Amino acid sequence: MNQDSLRTVIPTNRPAFTISILCVNRLDLVRGCVESILQGHNSCAYELLLTSNGGDEELTEYFNGLAEKHKNIRIIHHETNIGFTGGHTAALWEARGKYLLLLNDDMVIKDPVWLDKILSGFTDTSVKVVGSESCKLTEEMVGCKSSEVFDYVEGSCLAIPTAFARNRGLFDPALEFAYGEDSDLCLSLRRSGYKIARVPIEHDHVREGTTSSVPVDVQGYWEKNHYYLRKKWGAYLRSRSFRENIVIKRRGAHGDVDRKSTRLNSSHTDISRMPSSA
């Protein structure tokens, strides 16, 4: 993974969040996103790590101007578009915040204390992912919005402890460019006994605003990743549980076996449905 240049500004204190935003071009989108963040009134500190994912000169100039005005903004520039997975993985290793927060550039935040709310989602140390939009998966591995019962939180606004993500890896390397990495991450963590949480945040989300401007075969990546994930999570999609079959063969037995099934933790939490003290 080639990182062509990095503008380094060391914050006075380690921030609670590194907000990673990837941009191709669509300056109209990213400007609205960045301005909505800067207008917030969060009590926790943050840095903005803005990545130009093969963006043009206009985007580069806009980013450089932001970095000159704000000490908590740093810039990463890639000559070519390395996708959602590659871009955020590169940002992970540059992050200085305790938590890495992935945010789509087509998100406009309307909640002035949204970071404080996301931070509250990590009160339970078994929670390793907190997001604002949650989805339930169909048996075809297609995500549908659901705030009641959900399988994963969307990568459009998703936070994870930085050190934890560096130790385990952020995304499955088999997933290329974009699509499906958020559901795979959440399912993998839940299968390992961790929890995910949803924290409702007032925002506007322009769906497909970014991918519509990407000059690559996004449909091809979607089909490849979708095929891989259906094979990987097929058993879960059918049973809605994480089960591990243990085959025990009794000594002296001829063909007869005992099968035991172990159910693993599949917890998720909706912070909006918890007491305010949580």
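Our structure is the block above this text.
Rules used in this analysis
- Sequence order as written defines residue numbering, which begins from 1 separately in each chain.
- Selection of residues for local features in this predicted model requires a pLDDT of at least 70, selection of side-chain atom pairs for listing and counting requires 80 or more, and totals for whole chains, interfaces and linings are taken over all residues.
- The basis for every side-chain value is the complete set of heavy atoms in the structure, and neither hydrogens nor water enter the calculation.
- Salt-bridge detection follows one rule: a side-chain nitrogen of Lys or Arg within 4 Å of a carboxyl oxygen of Asp or Glu.
- What counts as a helix is a DSSP run of H or I of at least four residues, what counts as a strand is a run of E of at least two, and both are numbered from the N terminus.
- In this scheme, a residue with accessible area under 20% of its type's maximum is buried, one over 50% is exposed, and one in between is partly exposed, where area comes from a 1.4 Å probe on protein chains only.
- By definition, residues are in contact when any of their heavy atoms lie within 4.5 Å.
- In this scheme Phe, Tyr and Trp rings, the latter by its six-membered ring, pair at centre separations within 6.5 Å, and the angle between planes marks the pair as stacked below 30 degrees, edge-to-face above 60, and tilted otherwise.
- Here, any two strands with at least 2 DSSP bridges between them count as paired.
- Note on terminology: a nonpolar core comprises buried Ala, Val, Leu, Ile, Met, Phe, Trp, Tyr and Cys residues joined through side-chain atoms within 4.5 Å.
- Helix span, as expected, comes to 1.5 Å for every residue beyond the first.

Considerations on the pattern of salt bridges
Then, number 1: Here the structure, examined in full by the defined rule, presents 11 salt bridges.
Then, number 2: For K195, the salt bridge identified is with D124, shortest N-O distance 3.1 Å. Taken together, the positions of K195 in strand β12 (residues 195-198) and D124 in the loop between α4 (114-120) and β7 (127-131) put the pair 71 residues apart, joining distant regions of the chain.
Then, number 3: D172 is the salt-bridge partner of K232, the closest N and O atoms lying 2.8 Å from each other. Taken as a pair, K232 in helix α7 (residues 218-232) and D172 in the loop between α5 (162-168) and α6 (181-191) lie far apart in primary sequence, 60 residues in all.
Then, number 4: Under the relative-accessibility criterion, K232 is labelled partly exposed at 28%.

Examining the environment of A91
Then, number 1: Tracing the sequence through the fold places A91 in helix α3 (residues 83-92).
Then, number 2: Here A91 falls in the buried class, since its relative accessible area comes to 0%.
Then, number 3: For A91 and T51, which are 40 residues apart along the polypeptide, the C-alpha to C-alpha distance reads 7.9 Å.
Then, number 4: If we skip the residues at most four places from it in the chain, A91 touches S20, L49 and I76.

Quick notes on α6
For the α-helix, the turn length of 3.6 residues means that residues three or four positions removed from each other point alike.
Then, number 1: Of all 11 residues in α6, 10 are buried, a share of seventy percent or more.
Then, number 2: For α6, the full list of buried residues reads E181, D182, S183, D184, L185, C186, L187, S188, L189 and R190.
Then, number 3: Directly after α6, the chain includes G193, whose backbone phi takes a positive value near 100°.

Some thoughts on the packing of aromatic side chains
Then, number 1: Going through the model one piece at a time under the given rule, you end up with seven aromatic pairs.
Then, number 2: Ring centres of Y99 and F122 lie 4.3 Å apart, and the angle between their planes is 20°; this geometry places the pair in the stacked category. Of this pair, Y99 sits in strand β5 (residues 99-103) while F122 sits in the loop between α4 and β7, and the two are 23 residues apart along the sequence. The two residues Y99 and F122 agree in class, both being buried.
Then, number 3: Arranged with centres 6.3 Å apart and planes meeting at 85°, the rings of W233 and F242 form a pair that is edge-to-face.
Then, number 4: What links up through ring pairs into an aromatic cluster is the set F17, Y99 and F122.

Here we look at the sheet that holds strand β10 (residues 152-153)
Then, number 1: Ordered in space as β9-β8-β10, the three strands form an open sheet in which the pairing is antiparallel. Of all the strands in the sheet, the pair left with one neighbour each is β9 (143-145) and β10.
Then, number 2: As paired strands, strand β8 (residues 134-137) and β10 are joined by two bridges and run antiparallel to one another. Its bridge partner lying in β10, C135 is registered against Y152.

Points about the nonpolar core
Then, number 1: Grouped together as the largest cluster of nonpolar side chains are 37 residues, with contacts concentrated most on F17, I19, I37, L101, L103, W114 and I118.
Then, number 2: Look past the residues within four positions of I118 in its chain and what remains in contact with it is F17, L101, V130, C157, A159, V199 and I201.
Then, number 3: Grouped together as the second largest cluster of nonpolar side chains are 32 residues, F84, M141, L158 and L229 included.

Remarks on helix α1 (residues 27-38)
Then, number 1: Look at α1: 16 Å from first C-alpha to last across 12 residues, which is about the 16 Å you get at 1.5 Å a residue.
Then, number 2: Taken residue by residue, α1 has L27, L29, V30, C33, V34, S36 and I37 as its buried positions.
Then, number 3: Along its buried surface, α1 packs onto β2 (17-23), β3 (46-53), α2 (57-69), β5, β6 (107-109) and α4.

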